[in-house]
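Spelled out from the first residue to the last, the chains are:
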Amino acid sequence: MSLRLIINSDDYGRTPEISRGIRAAHRLGLVTSTTAMMNMPSAGEDIKLAAAEVPGLGLGVHLVLTAGKPLLPAKQVPSLTTPEGKFLNLGALIAQAASLDLDEAKAEWRAQIEAFVVAAGKKPTHLDSHHHSSYFTPGLFQAMLELAQEYDAAIRLPLAEKPAATLDGIPEALADLMLEAAPRLLAQFQPRSPERFFATFYDEGATREEFIRILDSLPAAGTFEIMCHPGYVDEAFAHESAYAWQRKTEFEILTDPKMRAEIEKRNIRLISFAQL
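Residues numbered from 1 in each chain as written. Predicted model: local features only at pLDDT ≥ 70, side-chain atom pairs only at ≥ 80, totals over all residues. Heavy atoms only, no water.

1. Observations concerning the overall build of the protein chain
Counting its regular elements, the protein chain contains 11 helices and 8 strands. A compact globule built from 276 residues would reach a C-alpha radius of gyration of about 19 Å, and the protein chain, at 18 Å, matches this within 12%. Across its three principal axes, the protein chain shows a C-alpha extent of roughly 55 × 40 × 35 Å. In the protein chain, the share of contacts with a sequence separation of at least 24, taken over all contacts with a separation of at least 6, comes to 75%. Counting 27 positive and 36 negative side-chain charges, the protein chain places the centres of these two groups 6 Å from one another. (Helix = DSSP H or I, 4+ residues; strand = E, 2+ residues; numbered from the N terminus. Rg over C-alpha atoms; globule rule 2.2 N^0.38 Å. Contact = heavy atoms within 4.5 Å. Lys, Arg positive; Asp, Glu negative; His and termini not counted. Charge placed at Lys NZ, Arg CZ, Asp CG, Glu CD.)

In structure tokens form, the structure reads like this:
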């Protein structure tokens, strides 16, 4: 068995420029898969551009509950939205996570997946979620697993190499529930997934040193995933998002020939989620 690595960029479709940067990070660098935010205005067109320009890029869905507006009418998903019809922000979603209507969340996520199918003309290779929201409660995680099973999609594991990387900010009681429930749900549904997920290549951790540390921590064989967020950023997005110019830093690292050399000298085979 060989050592295989998926490098997945989140947030495809967030803006046209971020999507363009992700395509470039695949064409010029190490990104092998991406997941799309299908409730964003440019996502459908960006999916079509990916299919035309970078057919080898794995394309999945980045399930959203914490950014923009739902695809379903807000009146159909009232537990997920504000009076203005927007999704709850991250803090509000965490505060209300235990009382969310799971049928509403699953219906909205299905609408996002269906929007992907329409744009791509095929099912997504895999599912993960914006702000890791599908891992906030066992009920949300089960809804994600049911959709993955329905669409024959792989998933990102719910618990990263360091659990705090995915459960950061979650009330301790909710985090404890997920730590207990995740292994049971994974055993029940048996989704295709990498064996371990690394979420530490992010923000201040998005450095060449951290990338190499992750590579050095990999065993001799198996399949693993590194999360990343590269992209091109314009001034408008920089004023809107707290995670903006960091994407340029990630792009520079992931397209650095020295990083590819580090992968090659460790005999790591880069794959996409489509190859699971």
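Back to the text.
2. Here's the deal with the layout of surface pockets
Unfilled space is identified by rolling a water-sized probe across the atoms. The space that makes up the second largest pocket amounts to roughly 170 Å³. Lining the second largest pocket are Thr66, Ala67, Gly68, Lys69, Lys86, Phe87, Leu88, Asn89, Leu90 and His131. Residue composition of the lining of the second largest pocket, by class: 4 nonpolar, 4 polar and 2 charged. (1 Å grid on protein atoms, 1.4 Å probe; cavity = no way out; pocket = protein on both sides within 12 Å on 5 of 7 lines; lining within 4 Å. Points joined across faces, edges and corners; volume = space filled by probe spheres on them. Nonpolar A, V, L, I, M, F, W, Y, C, P; charged D, E, K, R; others polar.)

3. Section: the pairing of strand 4 (residues 126–129)
Of the two faces of strand 4, both are covered, the one formed by His126 and Asp128 as well as the one formed by Leu127 and Ser129. As paired elements, strand 3 (residues 58–63) and strand 4 share 3 bridges and run parallel to each other. Residue pairing across strands places His62 opposite Asp128, the latter belonging to strand 4. With 2 bridges connecting them, strand 4 and strand 5 (residues 154–155) associate as parallel partners. Bridged to His126 within strand 5 is Ala154. On the question of chirality, the crossover connecting strand 4 to the parallel strand 5 by way of helix 5 (residues 138–150) is right-handed. (Buried < 20%, exposed > 50% of the residue type's maximum accessible area, 1.4 Å probe, protein only. Pairing = 2+ DSSP bridges. Right-handed = clockwise from strand over helix to strand, strands pointing away.)

4. With respect to the pattern of salt bridges
In the structure shown here, the tally under the stated rule is 16 salt bridges. Here Glu53 makes a salt bridge to Arg23, at a shortest N to O gap of 2.9 Å. In this pair, Glu53 sits in helix 2 (residues 43–53) while Arg23 sits in helix 1 (residues 16–27), placing the two residues 30 residues apart along the sequence. For Glu150, the salt bridge goes to Arg110, with nearest N and O atoms at 2.7 Å. Note that Glu150 is positioned in helix 5 and Arg110 in helix 4 (residues 102–120), a separation of 40 residues in sequence. For Glu150, a relative accessible area of 40% translates into the label partly exposed. With relative accessibility at 28%, the residue Arg110 sits in the partly exposed group. Each of Asp10, Asp128, Arg156 and Glu225 takes part in one network of salt bridges that share partners. (Salt bridge = Lys/Arg side-chain N within 4 Å of Asp/Glu carboxyl O.)

5. A look at the pairing of strand 2 (residues 33–36)
Along strand 2, one buried face is formed by Ser33 and Thr35 and the opposite face, lined by Thr34 and Ala36, is buried too. By the bridge criterion, 4 bridges tie strand 2 to strand 3 in an arrangement that is parallel. Within strand 3, the residue paired with Ser33 across the bridge is Gly58. Handedness of the crossover is the feature at issue here: the chain leaves strand 2, passes through helix 2, returns alongside strand 3, and the resulting connection is right-handed.

6. Here's the deal with the environment of Asp128
By secondary structure assignment, the location of Asp128 is in strand 4. Measuring from C-alpha to C-alpha, the distance between Asp128 and Met144 comes to 8.4 Å, with 16 residues separating the pair along the chain. Setting aside anything within four residues of it in sequence, one finds Asp128 in contact with Asn8, Asp10, Thr35, Val61, His62, Leu63, Tyr135, Met144 and Arg156. Here the side chain of Asp128 touches Asn8 through a polar contact of 3.5 Å, side chain to side chain. (Polar contact = N/O pair within 3.5 Å; in protein donor to acceptor, adjacent residues only side chain to side chain.)

7. Points about the packing of aromatic side chains
Counted under the stated rule, the structure contains 4 aromatic pairs. Taking 5.7 Å as the distance between ring centres and 65° as the angle between the ring planes, the aromatic pair formed by Tyr135 and Phe141 counts as edge-to-face. Take Tyr135 and Phe141: they sit in the same class, and that class is buried. With a centroid separation of 5.1 Å and an interplanar angle of 50°, the aromatic rings of Tyr232 and Phe251 are classed as tilted. With Tyr232 in the loop between strand 7 (222–228) and helix 9 (235–240) and Phe251 in helix 10 (residues 246–254), this residue pair connects regions lying 19 residues apart in the sequence. Residue Phe251 is classed as buried on the basis of its relative accessible area, which comes to 12%. (Phe/Tyr/Trp six-rings, centres within 6.5 Å; stacked < 30°, edge-to-face > 60°.)

8. Quick look at helix 11 (residues 257–265)
The complete set of buried residues in helix 11 reads Met259, Glu262 and Ile263. Each buried residue of helix 11 sits inside an arc of 95° when the element is viewed along its axis, so together they form one side. Across from the buried face of helix 11, at angles greater than 90 degrees, the exposed residues are Pro257, Lys258, Glu264 and Lys265. Contacts from the buried residues of helix 11 go to strand 1 (3–12), helix 8 (208–217), helix 10 and strand 8 (268–270). (Arc of directions from axis to C-beta.)

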